[in-house]
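# Working through the structure, step by step
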Amino acid sequence: VSVNLNYGAIKEYSKNPSYLQYQGSPILLIGGTDDENVYQWPSSAKKKQLDTLAACGGNYDRCTMSYRDEGNAAPFKKLTNGKYDLEQWNSDFWSRFKEYLRLCKQRNIIVQIEFWATHDLSKGGWANMHPFCPKNNVNYGTKPDTVLDNVGVYPWSRKNPFYTTVPALKNDRKVLKYQKAFVDKILSYSLNFDNIIYCMDNEYFPVQPVEWPQDWIEYVKGKTAAKGKSVLLGQMFQSRRINRL
C-alpha cells in the first residue's frame, strides 16, 4: 500500500506552477506581521500577532531564525563565563519556536523558515553576539583551527567565511558539525508540520558564494527524503544579484 505522507502539504499547485496549493486547494500567500522573528515573542504577544494576521485574511509569515534583538533567546546555552557551548541547547529558544509552529498550524498560516539570519551574521552582530563567532563560544578557535575569524563588522560588500564551511567550498568540518546540528534541530520540530516552506537564508548578500545555499538545499532535501517527505525549498537573494538555483 502506497501512503502519501505529503497529502495536503504546501506544494506547487498542480495546475499552475506560478501558485502554491495547501490542503489540496490553490492558495495565494498574504503576509504582514510586525517582525521577521515573531517566534521569539512572548506567548501572549505572539498569539495576538498571529490572530491579527489571520483576522485580516493573512495566511503567511516569514520566520527568520534570528536572535539579535533585545529580549531574544539564542539557540545554544550561554555559560557563566558569557560564552556559548554549541554542544548544549537553550530550551527557552526551542520552546518559543515549537509554540510558534503550533500556533501557526492552528490558524492555517504558512510558515517560511529562513535557516540563516544574514543580518545576525553581518554588521556588528557577528563579533558582538553570534554564538558561531569563535570568540563567543568554547568549542573552536579562529584560523587555522577553523576558517572563521573575529572580525567585528561584515557589511554586505565583505565576505564572511561563515559561508564557506560547506563541502563545495572550504569543507570546515569542525564548524559544519554545529551548523548541521542547528539545521537538524529546526527540522526535528518543523517536519511535524505540513505548512512549512524552507528558505536557506534571509536576504543573502550578493558577495557571498552561491555554493552555500546550493549545498544546504541538498542537505535539507536529503534529511526530508529520509523522513519520506518532499518539501518546498528555495533561497532569498538581495536584489543586487539574482541567481537561479
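In the block above lies the structure referred to throughout.
Every chain's residues receive numbers from 1 upward, in the order its sequence appears when written. Whole-chain, interface and lining totals are the exception, using all residues; otherwise, since this is a predicted model, local features are given only for residues with pLDDT of at least 70 and side-chain atom pairs are given and counted only at 80 or more. Hydrogens are left out, water is left out, and the side-chain values use all remaining heavy atoms of the structure.

## Some details on the overall build of the chain
Along its length, the chain carries five helices and nine strands. Numbering of helices and strands starts at the N terminus; helices are DSSP runs of H or I of at least 4 residues and strands are runs of E of at least 2. For the chain, the N- to C-terminal ordering of α and β elements is β-β-β-α-β-β-β-α-β-α-α-β-α-β. Dimensions of the chain, computed from C-alpha atoms along their principal axes, come out at roughly 50 × 40 × 40 Å. When accessible area is computed with a 1.4 Å probe and restricted to protein chains, residues below 20% of their type maximum are described as buried, those above 50% as exposed, and intermediate ones as partly exposed. Within the chain, the proportion of its 245 residues that are buried is 49%. Pairs of residues are marked as contacts when any of their non-hydrogen atoms sit within 4.5 Å. Residue pairs in contact within the chain that sit at least 24 positions apart in sequence constitute 69% of those at least 6 positions apart. Note on areas: Shrake-Rupley with a 1.4 Å probe; residue coverage comes only from the protein chains shown. Of the roughly 11,900 Å² that the chain leaves accessible, carbon and sulfur atoms contribute 49%. Neither His nor the chain termini are counted; the positive set is Lys and Arg, and the negative set is Asp and Glu. Each charge is placed at NZ for Lys, CZ for Arg, CG for Asp and CD for Glu. Each charge class in the chain can be summarised by its mean position, and for the 33 positive and 24 negative side chains these summaries are 3 Å apart.

## Remarks on helix 2 (residues 91–106)
Residues lying three or four places apart along an α-helix face the same way, a consequence of the helix completing one turn every 3.6 residues. Multiplying one less than the number of residues by 1.5 Å gives the expected span of a helix. Between the first and last C-alpha of helix 2 there are 23 Å, a value that for 16 residues agrees with the 22 Å anticipated at 1.5 Å per step. Buried within helix 2 we find Phe93, Trp94, Arg96, Phe97, Glu99, Tyr100, Leu101, Leu103 and Cys104. Turning to helix 2, the residues buried within the fold contact helix 1 (43–55), strand 4 (60–64), strand 6 (84–89), strand 7 (110–116), helix 4 (173–190) and strand 8 (196–201).

## Structural notes on the side chain of His130
Inspection of the secondary structure puts His130 in the loop between helix 3 (125–129) and helix 4. With a relative accessible area of 4%, His130 lands in the buried category. Not counting residues within four places of it along the chain, the set of residues in contact with His130 comprises Tyr67, Asp120, Leu121, Gly125 and Asn136.

## Overview of the pattern of salt bridges
Each reported salt bridge corresponds to a side-chain nitrogen of Lys or Arg within 4 Å of a carboxyl oxygen of Asp or Glu. By the definition in use, this model includes 11 salt bridges. Note that Glu36 is salt-bridged to Arg68, the shortest N-O span being 3.1 Å. One end of the pair, Glu36, is in the loop between strand 3 (25–27) and helix 1; the other, Arg68, is in the loop between strand 4 and strand 5 (76–78), with 32 residues separating them in the sequence. Overlapping salt bridges bring together Glu36, Arg68 and Asp120 as one network.

## Focus: the sheet that holds strand 7
Note: two strands are recorded as paired if DSSP finds a minimum of 2 bridges between them. Strand order in this open sheet of four strands is 4-7-8-9, and the pairing throughout is parallel. With partners counted over all chains shown, the strands left at the sheet margins are strand 4 and strand 9 (232–234), one partner each. Each strand of the sheet is rotated relative to its neighbour by a mean of 20°, with strand direction disregarded. Looking at chain direction, strand 8 and strand 9 are connected through three bridges and run parallel. Among the inter-strand pairings, Tyr198 is bridged to a residue of strand 9, identified as Leu233. This element, helix 4, spans strand 7 and strand 8 of the sheet and lies at about 170° to strand 7. The axes used here are C-alpha line fits, helices contributing only the stretch in contact, and every angle between their N-to-C directions lies in the interval 0 to 180 degrees.

## What to know about the packing of aromatic side chains
Geometry of an aromatic ring pair is reported as the spacing of the ring centres plus the angle between the planes. Paired rings are identified among Phe, Tyr and Trp, the last through its six-membered ring, by centres lying within 6.5 Å, and are further divided according to the angle between planes into stacked (under 30 degrees), edge-to-face (over 60) and tilted (the rest). Applying the stated criterion to the full structure yields 29 aromatic pairs. Summarising the aromatic geometry, the rings of Trp116 and Phe182 are spaced 5.4 Å apart at their centres and angled 45° between planes, so their arrangement reads as tilted. Of the two residues, Trp116 is situated in strand 7 and Phe182 in helix 4; the sequence distance between them amounts to 66 residues. You'll find Trp116 and Phe182 in the same group, each marked buried. With a centroid separation of 6.1 Å and 45° between ring planes, the pair formed by Tyr140 and Tyr178 is classed as tilted. Of the two residues, Tyr140 is situated in the loop between helix 3 and helix 4 and Tyr178 in helix 4; the sequence distance between them amounts to 38 residues. The rule is short: NZ of Lys or CZ of Arg within 6 Å of the ring centre and within 35 degrees of the ring normal puts a charge over the ring. The side chain of Lys185 reaches across the aromatic face of Trp94, ending 5.9 Å from its centre.

## Topic: the side chain of Asn195
For Asn195, the location among the structural elements is in the loop between helix 4 and strand 8. A polar contact is formed between the side chain of Asn195 and the backbone oxygen of Ile109, at a distance of 2.8 Å. Any pair of nitrogen or oxygen atoms within 3.5 Å is treated as a polar contact; in protein, a donor-acceptor pairing is required on top of that, and neighbouring residues in sequence qualify only through side-chain atoms on both sides.

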